[in-house]
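Each chain, letter by letter, is given below.
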Amino acid sequence: MAPTTMPETSIRRVALTSLASASIEWYDFYIYGTAAALVFPKVFFPADMPPLVALIASFSTFAVGFFARPVGGVLFGHFGDRVGRKRTLVTALLIMGAGTTLIGCLPTYAAVGPLAPILLIVLRFVQGLAIGGQWGGAMLLATESAPKHRRGYYGAFAQAGAPAGVILANLAFLTVNETVSADAFMTWGWRIPFILSIALIGLSLYVQLRLEETSAFRQLREADAGPLTHSDARGRSPVLEALRLYPRQIALAAGAFIAVQVTYYLLITWVIAYGTNPAGLNLPRSTMLSGVMIGAIAMAPSLLISGIVSDRYGRRGIYAAGAVLLGFWAFAMFPLIDTGSLLWIGVAIGVGQVFVAMMYGPQAAFLTEMFNTRVRYSGVSLGYQFGAIFGGALAPIVATELLARTGSTIGISWYVAIACTITAISVALLHETRHVDLHADARAGVPE
């Protein structure tokens, strides 16, 4: 059966909707990281807890979201491959909106004691479940609807939701920081960015009512393409099928994602705590939030450019180049941040995020092309979310420990360089996927 082709205007609408949904979803996920660095150590933990211990405890709750992400990837991947990309994405958006809004309403440790961090951890787990399902849905809406020669470009729109979410999160905190007193910020001002996430409900309704299912998934539902009949497919878990058919791709996709996650979460979360900590650089909150926002602004167009380059020259080359360049830049990045100058902090984070974008931009198309349509949602979610656990979940905690033990950021530079080495090796072991036809059959993708 010939693939169904969407009009270019419809593809653009899908790409922009993927960008919007990813932006607000990542906004919800990232405001937690910012609050974990600035607010939660003082609000959700005992006042007599040593600051370093409270910060590590706060970052540990941040990590809970990452450990929930593979669970969300499995759960939403199953339904995404069974009932469709669109409906699964809508569910993830609704769950994220509800969970994040409730975080903004939580009582503090002073009010309810240990129950406060427990409730925080539960809602952070809910956030992790939602983001574990959201990424696959938003990304597949864009890539499965795109023409083959522009899959990297349109896939990068969903990826651009990450820096857009950072910009929105930091704008929200900067606005609140500049409009209320320091005491008001710690008492109630920090809650405003969380409560604003109720906007996700409106966006989820738009996705449900206005967007079509992807052409690849529609074609799968119209014909028995691939090795399984529909009756067989209904009896098997797409997640287990993905693990059976593509264990190598899932493992290497996770490895290829580690450098992205380690560096990205150091540059949007850990640097805020490091820069504002009286025992660290002791800089104003506005300086570090502005530096992080500069990095996000530099990253956004770089994602689209990297997607275009990957469409023309292949996914692996630009991905590997980003890992190598980032590994070297790590040794300049933290000394530049240590200057305490907003200019050099912006340069350090901005250049680092450009190199991250060289990997993250092509990633949507790269992962989409590794798996067949029948298990694609499950496969991409597993590879992506396992990489997130070993990368982003632990990065702020590891960096805090390295700094505490050594008193220097050089150990953190080596940590980033090692992560980049793992990523470069993983990419080298993967096949090029640029010419894969997603509509060929249910096994479209890279063979074992």
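Let me begin by describing the structure that accompanies this report. (Residues numbered from 1 in each chain as written. Predicted model: local features only at pLDDT ≥ 70, side-chain atom pairs only at ≥ 80, totals over all residues. Heavy atoms only, no water.)

Comments concerning the overall build of the protein chain
Looking only at helices and strands, the protein chain features 21 helices and zero strands. Principal axes of the C-alpha set define a box for the protein chain whose edges measure 65 × 45 × 35 Å. Burial statistics for the protein chain: of 448 residues in total, 60% are counted as buried. Once local pairs closer than 6 in sequence are excluded, the contacts in the protein chain between residues at least 24 apart make up 85%. A total accessible area of about 15800 Å² is found for the protein chain, and carbon and sulfur atoms account for 69% of it. (Helix = DSSP H or I, 4+ residues; strand = E, 2+ residues; numbered from the N terminus. Buried < 20%, exposed > 50% of the residue type's maximum accessible area, 1.4 Å probe, protein only. Contact = heavy atoms within 4.5 Å. Areas by Shrake-Rupley, 256 points an atom, 1.4 Å probe, with all protein chains shown as cover.)

Notes on unusual backbone geometry
With a phi close to 55°, Asn282 is a non-glycine residue in the positive phi region. For Asn282, the position within the fold is in the loop between helix H15 (247-276) and helix H16 (285-313).

A closer look at the nonpolar core
Residues Trp26, Tyr30, Phe40, Leu266 and Tyr360 are the most contacted members of the largest nonpolar core, which totals 130 residues. The element that contributes the greatest number of residues to this core is H15, accounting for 19 residues. Not counting residues within four places of it along the chain, the set of residues in contact with Trp26 comprises Arg69, Ile131, Gln134, Trp135, Gly161, Ala162, Gly165, Tyr265, Tyr360 and Tyr384. With six residues, the next largest nonpolar core counts Ile11, Ala15, Tyr153 and Tyr154 among its residues. (Core = buried A, V, L, I, M, F, W, Y, C linked by side-chain atoms within 4.5 Å.)

Considerations on the packing of aromatic side chains
Working definition: an aromatic ring pair is given by the centre-to-centre distance plus the angle between the planes. Inspection of the entire model under this criterion finds 26 aromatic pairs. Centre to centre, the rings of Tyr30 and Tyr265 are 6.0 Å apart; their planes meet at 65°, and the pair counts as edge-to-face. Here Tyr30, found in helix H1 (residues 8-38), pairs with Tyr265, found in helix H15; they are 235 residues apart in sequence, far enough to count as distant. Tyr265 shares its class with Tyr30; the two are buried. Judged by centre distance (5.1 Å) and plane angle (80°), the ring pair of Tyr246 and Phe371 falls under edge-to-face. (Phe/Tyr/Trp six-rings, centres within 6.5 Å; stacked < 30°, edge-to-face > 60°.)

Here's the deal with the environment of Ala419
In this fold, Ala419 is placed in helix H21 (residues 410-429). The class for Ala419 is buried, based on a relative accessible area of 4%. On a C-alpha basis, the gap between Ala419 and Ala365 in space is 22 Å, while along the polypeptide they are 54 residues apart. Beyond its immediate sequence surroundings of up to four residues, Ala419 is in contact with Ile258, Ala259 and Val262.

Section: the environment of Gly128
Its location among the elements puts Gly128 in helix H6 (residues 115-143). A sequence separation of 147 residues divides Gly128 from Gly275, and the C-alpha atoms of the two residues are 26 Å apart. Not counting chain neighbours up to four residues away, the residues in contact with Gly128 comprise Phe29, Gly65, Ala68 and Arg69.

Points about helix H18 (residues 342-368)
The first and last C-alpha atoms of H18 sit 38 Å apart over 27 residues, in line with the 39 Å expected at 1.5 Å per residue. Bending of H18 peaks at approximately 40° at the position of Pro362. (Expected span 1.5 Å × (residues − 1). Bend = angle between axes of the 7 residues up to and from the residue.)

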